[in-house]
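Working through the structure, step by step
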Amino acid sequence: KGFADTRGTLFFDVARIAQEKQPAALFLENVANLAVHDQGRTLSTIVATLEEIGYDVWHSVINAADLGAATARERIYIVAFRKNLRVAADMFSFPVAVATRRTVADCLIPLSETEKMVLRCGSVSSVDEAKLAAVDAMVQKNPSKPVRIGTMGKGGQGYRVYSPQGVGITLSAYGGGAAAKTGAYLIDGVVRKLHPRECANLMEFPQNFVLDARPAQVYQQFGNSVVVGVVEAIAHKIDHTLTLVEEREIAEQA
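Described below are features of the structure shown in this document. Residue numbers run consecutively from 1 along every chain, following the written order of its sequence. Two thresholds apply to this predicted model, a pLDDT of at least 70 for residue-level local features and 80 or more for giving and counting side-chain atom pairs, whereas whole-chain, interface and lining totals are computed over all residues. With hydrogens and water set aside, each side-chain value is computed from the structure's full complement of heavy atoms.

1. Comments concerning the pattern of salt bridges
To be explicit about the condition: Salt bridges are defined as contacts in which a side-chain nitrogen from Lys or Arg sits within 4 Å of a carboxyl oxygen from Asp or Glu. Three labels apply to residues, based on accessible area from a 1.4 Å probe with only protein chains included: buried if under 20% of the type maximum, exposed if over 50%, partly exposed otherwise in between.
Tallied over the entire structure, the rule returns 10 salt bridges. With a shortest N-O distance of 3.0 Å, Asp38 and Arg41 are connected by a salt bridge. We note a salt bridge from Arg120 to Glu115, for which the minimum N-O separation is 3.5 Å. With a relative accessible area of 54%, Arg120 lands in the exposed category.

2. As for helix α8 (residues 228-253)
The test is simple: Put simply, DSSP marks the helices as runs of H or I at least four residues long and the strands as runs of E at least two long, and each gets a number from the N terminus on. Helix span, as expected, comes to 1.5 Å for every residue beyond the first. Any two residues whose heavy atoms approach within 4.5 Å at even a single point are treated as in contact.
Helix length check: α8, at 26 residues, gives a terminal C-alpha distance of 38 Å against a target of 38 Å (1.5 Å per residue), a fit within 8%. Among the residues making up α8, those that are buried are Val230, Ile234, Ile238, Thr241 and Val245. Looking at the buried positions of α8, the neighbouring elements they touch are β1 (25-31), β2 (55-63) and β3 (74-82).

3. Looking at helix α1 (residues 10-21)
Selection criterion: The directions from the helix axis to the C-beta atoms are what the arc is built from.
With 12 residues, α1 should reach 16 Å at 1.5 Å per residue; the first-to-last C-alpha distance of 17 Å fits that figure. Taken residue by residue, α1 has Phe11, Ala15 and Ala18 as its buried positions. Seen along its axis, α1 keeps its buried residues to an arc of 65 degrees; they face one direction. Residues of α1 that are exposed and point over 90 degrees away from its buried face: Arg16, Glu20 and Lys21. Residues of α1 that are buried sit in contact with β1, α2 (41-52) and β2. In the stretch just after α1, Gln22 is the one whose phi turns positive, near 50 degrees.

4. Section: the packing of α1 against α2
The test is simple: Only the stretch in contact is used when fitting a helix axis, every axis being a line fitted to C-alpha atoms; angles between N-to-C directions are given from 0 to 180 degrees. Throughout, the term roughly parallel applies to angles under 35 degrees, roughly antiparallel to angles over 145, roughly perpendicular to angles from 65 to 115, and oblique to all others. When the near helix sits turned anticlockwise from the far one by under a right angle, the crossing is termed left-handed; a clockwise turn instead gives a right-handed crossing. Classes in brief: Ala, Val, Leu, Ile, Met, Phe, Trp, Tyr, Cys and Pro nonpolar; Asp, Glu, Lys and Arg charged; the others, Gly included, polar.
Closest axis-to-axis distance for the α1/α2 pair is 10 Å, and the angle between their directions is 15 degrees. For the element pair α1 / α2, the angle class is roughly parallel. Considering how the two elements wind past one another, α1 and α2 form a crossing that is right-handed. When α1 is examined against α2, the residues Phe11, Phe12 and Ala15 are found in contact with a partner set consisting of Thr45, Ile46, Thr49 and Leu50. Partitioned by chemical class, the residues of the contact of α1 with α2 number five nonpolar, two polar and no charged.

Written out as structure tokens, the structure reads:
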């Protein structure tokens with residue numbers, strides 16, 4: 001609902017804090033729909049507000065899978081630099097798509113670990129053999145899109161089956177269905193949900209990241225999380241830009 005939702009108005013608190021503290025850079029993230037919400041007016045208001053309080057703004061919708069993550073998660077990222085830093089248009093850019101891609105299969109853990117939890121959520125009969133045979137071609141055609149190979153029940157959210165040879169669907173903090181929050185995958189002949197650790201792997205959290213003992217809480221946390229690698233890549237770009245600013249200032253003082 002954009003600014004009609006109390007969560008949407010939190011942006012103005014961010015802007016208020018930024019105006020008061022004047023950090024060199026701002027780094028914001030939100031759902032991809034923000035880019036087109038209210039025919040683009042919501043995003044325009046955000047950009048105009050940031051410019052009004054003294055920032056130059058860049059924004060881009062990025063699919064985590066394009067940057068090599070094993071999940072298709074589109075989000076809008078907004079980066080702003082304080083105007084007095086004089087960041088030129090060519091001094092900052094968002095990361096570009098990479099050739100090396102990871103898949104759900106790269107994030108799986110041993111069967112002995114998944115069997116400790118009740119993850120089975122469907123029957124192999126729900127898999128379309130024709131689609132299963134075409135997985136490689138579908139991955140090659142669009143490596144940043146999950147490959148759906150079957151349907152459970154009427155095929156609503158939480159009832160779709162995907163191949164682990166492609167990227168995973170966007171993890172969800174809410175939603176129901178047999179494969180709620182993670183989606184269903186045909187893995188080792190079993191149609192099942194993803195294990196919490198597999199979700200952590202999809203979102204590029206380190207192996208030493210401690211998971212909550214409550215699976216439901218873990219699924220909700222990762223459904224709300226950012227993809228670590230994407231944020232890291234953009235943060236490196238921000239750091240590089242600030243380094244360029246510093247180097248220019250040193251050169252101007254010489």
